[in-house]
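The chain contents come next:
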Amino acid sequence: MTKRAYQYRFYPTPEQAQLLARTFGCVRFVYNAVLRYRTDAFYQRQERIGYVEANAYLTRMKKADETAFLNEVSSVPLQQCLRHQQAAFKHFFEGRARYPAFKNKRHRQAAEFTRSAFKYRNGQLFLAKCKEPLAIRWSRELPSEPTTITISKDSAGRYFVSCLCEFTPETLPVTPRMTGIDLGLKDLFITDQGERIGNPRHTAKYAARLAKAQRRLSKKKLGSANRAKARKRVARLHAKISDCRMDRLHKLSRRLINENQVVCVESLKVKNMLRNPSLAKAIADAGWGEFARQLEYKAQWAGRQLVRIDPWYPSSKRCSDCGHIKDALPLSVRAWDCPACGVTHDRDINAARNIKAAGLAVLALGENVSGMEPVSVSGSR
């Protein structure tokens, strides 16, 4: 058994929307207030505040007259936001994340509810302090009763509920097919068989409409209702771009996992590559990191293997026929002749073949292989 989140869109009634707005506001207020309290305690008194002290501070806030409005919503989301903040501090002190940031009301709003704050019966979901069930668009059935739900509202004004459930993944039948893929910008990825999956460039597709909406937003008066409407139009376009990208990545990753027993991919340092001002926008639009993440968890669920190749492995400069490695190969060179054996290589197809060969070599030697966990191959460029 493993846990999986199922996300659905729902349409709240005016009363539910008002309750959720208060809940989101209280969660944001508590998170920011406790974050300020912990930050001041450290810089002023060199005192480190943990979850117990933060929870006690929340109790004092709920008893104070000026913050008594916190009692109007369920206490569970308020306590959950403190747990999330504690996890954020843990990641910061262990060097895995930046210092926790304050929440903004114009960004995505979310509130997490545990079993004590919601009820799920007969296919209906009831929140605490809410008499009517949520009008959820059930696109698929839940495998079990949810243990935790997260209500969210994005910047485009859409409401979603994410249900965390336990499910048993179905292992796919073993297939002899194996593939290596080389990620790119002109094509999203190229397989070792020469198949090219085009990059739709969703951001560029909506660039003109987005620029027009942003120009209109910049001309609206600050704080006006028209500015709020214009800001929502911009947010809807960004949501459209994101939804198109995610839909395509899910379909492609599912296809690769269904068709291949082993998928070999280069482990790219996307955050470092985004520092290139000329390619940052195109790289972010391609979604390489998200694509690799989807391949990883879908491979684990389906009983497949995902092999990650070290980013410094010379996949493009290495001849897939004789193994000769060129000294230099600029990005502008899309095809090259091997000086050792004379074979003409397409840069991307050659890289995909080398990635596949390196991944299969690691699996054959059994180095750093543990179940369905991704493995790596090191090399020098």
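Owing to the predicted nature of the structure, the values given are computational and were not obtained by experimental measurement.

What counts, and at which threshold
Residues numbered from 1 in each chain as written. Predicted model: local features only at pLDDT ≥ 70, side-chain atom pairs only at ≥ 80, totals over all residues. Heavy atoms only, no water. Phe/Tyr/Trp six-rings, centres within 6.5 Å; stacked < 30°, edge-to-face > 60°. Lys NZ or Arg CZ within 6 Å of the ring centre and 35° of its normal. UniProt positions renumbered as here; feature names shortened; annotations may be inferred. Helix = DSSP H or I, 4+ residues; strand = E, 2+ residues; numbered from the N terminus. Domains from an automatic or database assignment. Core = buried A, V, L, I, M, F, W, Y, C linked by side-chain atoms within 4.5 Å. Buried < 20%, exposed > 50% of the residue type's maximum accessible area, 1.4 Å probe, protein only. Contact = heavy atoms within 4.5 Å. Expected span 1.5 Å × (residues − 1). Axes fitted to C-alpha atoms, helices over the stretch in contact; angles between N-to-C directions. Parallel < 35°, antiparallel > 145°, perpendicular 65-115°, else oblique. Left-handed = near helix turned anticlockwise from the far one by under 90°. Nonpolar A, V, L, I, M, F, W, Y, C, P; charged D, E, K, R; others polar.

1. Here we look at the packing of aromatic side chains
Thinking step 1. Applying the stated criterion across every chain yields a total of 13 aromatic pairs.
Thinking step 2. Judged by centre distance (5.1 Å) and plane angle (90°), the rings of Phe92 and Tyr99 are edge-to-face.
Thinking step 3. The structure contains a cluster of three or more aromatic residues connected by ring pairs, namely Phe89, Phe92, Phe93 and Tyr99.
Thinking step 4. Arg4 extends its terminal NZ or CZ atom over the ring of Phe167, reaching a point 5.5 Å from the ring centre.
Thinking step 5. The side chain of Arg48 reaches across the aromatic face of Phe93, ending 4.2 Å from its centre.

2. A word on the UniProt feature "domain: Probable transposase IS891/IS1136/IS1341" (unreviewed entry) in the chain
Thinking step 1. The positions UniProt marks with the feature "domain: Probable transposase IS891/IS1136/IS1341" (unreviewed entry) are residues 175-275.
Thinking step 2. The distance from the first to the last C-alpha atom of residues 175-275 is 40 Å, and the span holds 54% helix and 19% strand.

3. Quick word on the domain arrangement of the chain
Thinking step 1. Once the domains are mapped, the chain shows domain 1 (2-167) and domain 2 (178-199 + 246-365).
Thinking step 2. A separation of 39 Å is found between the C-alpha centroids of domain 1 and domain 2.

4. As for the nonpolar core
Thinking step 1. Val30, Leu127, Ile149, Ile151 and Val161 are the most contacted members of the largest nonpolar core, which totals 41 residues.
Thinking step 2. Elements that contribute at least two residues to this core include exactly strand S1 (2-10), helix H1 (14-45), helix H2 (51-63), helix H3 (75-93), strand S2 (109-114), strand S4 (124-127), strand S5 (148-153) and strand S6 (159-167).
Thinking step 3. No other element matches the ten residues that H1 contributes to this core.
Thinking step 4. When neighbours within four sequence positions are excluded, Ile149 is seen to be in contact with Ala111, Glu112, Phe113, Phe118, Leu125, Leu127, Val161, Ser162 and Cys163.
Thinking step 5. Listed in part, the 21 residues of the second largest apolar core include Ile181, Phe189, Leu256 and Ala299.

5. With respect to the UniProt feature "domain: Cas12f1-like TNB" (unreviewed entry) in the chain
Thinking step 1. This chain's UniProt record puts "domain: Cas12f1-like TNB" (unreviewed entry) on residues 288-355.
Thinking step 2. The distance from the first to the last C-alpha atom of residues 288-355 is 16 Å, and the span holds 35% helix and 16% strand.

6. Examining H1
Given 3.6 residues to a turn, an α-helix orients residues that are three or four positions apart in the same direction.
Thinking step 1. Between its first and last C-alpha atoms H1 spans 46 Å; for 32 residues at 1.5 Å apiece the expected length is 46 Å, and the two agree.
Thinking step 2. Looking at the residues trailing H1, positive phi occurs at Gln46, about 50°.

7. As for the packing of helix H6 (residues 225-259) against helix H9 (residues 288-302)
Thinking step 1. Across the interface, H6 lies against H9 with an axial gap of 9 Å and an inter-helix angle of 40°. Relative to H9, the element H6 is oriented oblique. For the crossing formed where H6 meets H9, the hand is right-handed. Counting all contacts with H6, which are made through Met246, Leu249, His250, Leu252, Ser253, Arg254, Leu256 and Ile257, the residues of H9 involved are Glu290, Phe291, Gln294, Leu295, Tyr297, Lys298, Ala299 and Ala302.
Thinking step 2. Each residue belonging to the contact of H6 with H9 can be placed in one class, and the counts come to ten nonpolar, three polar and three charged.

8. Structural notes on the environment of Leu274
Thinking step 1. Relative to the assigned elements, Leu274 resides in the loop between helix H7 (270-273) and helix H8 (280-286).
Thinking step 2. Since its relative accessible area comes to 35%, Leu274 is described here as partly exposed.
Thinking step 3. Sequence-distant contacts of Leu274, defined by excluding residues within four places in its chain, comprise Ala280, Ile283 and Ala284.

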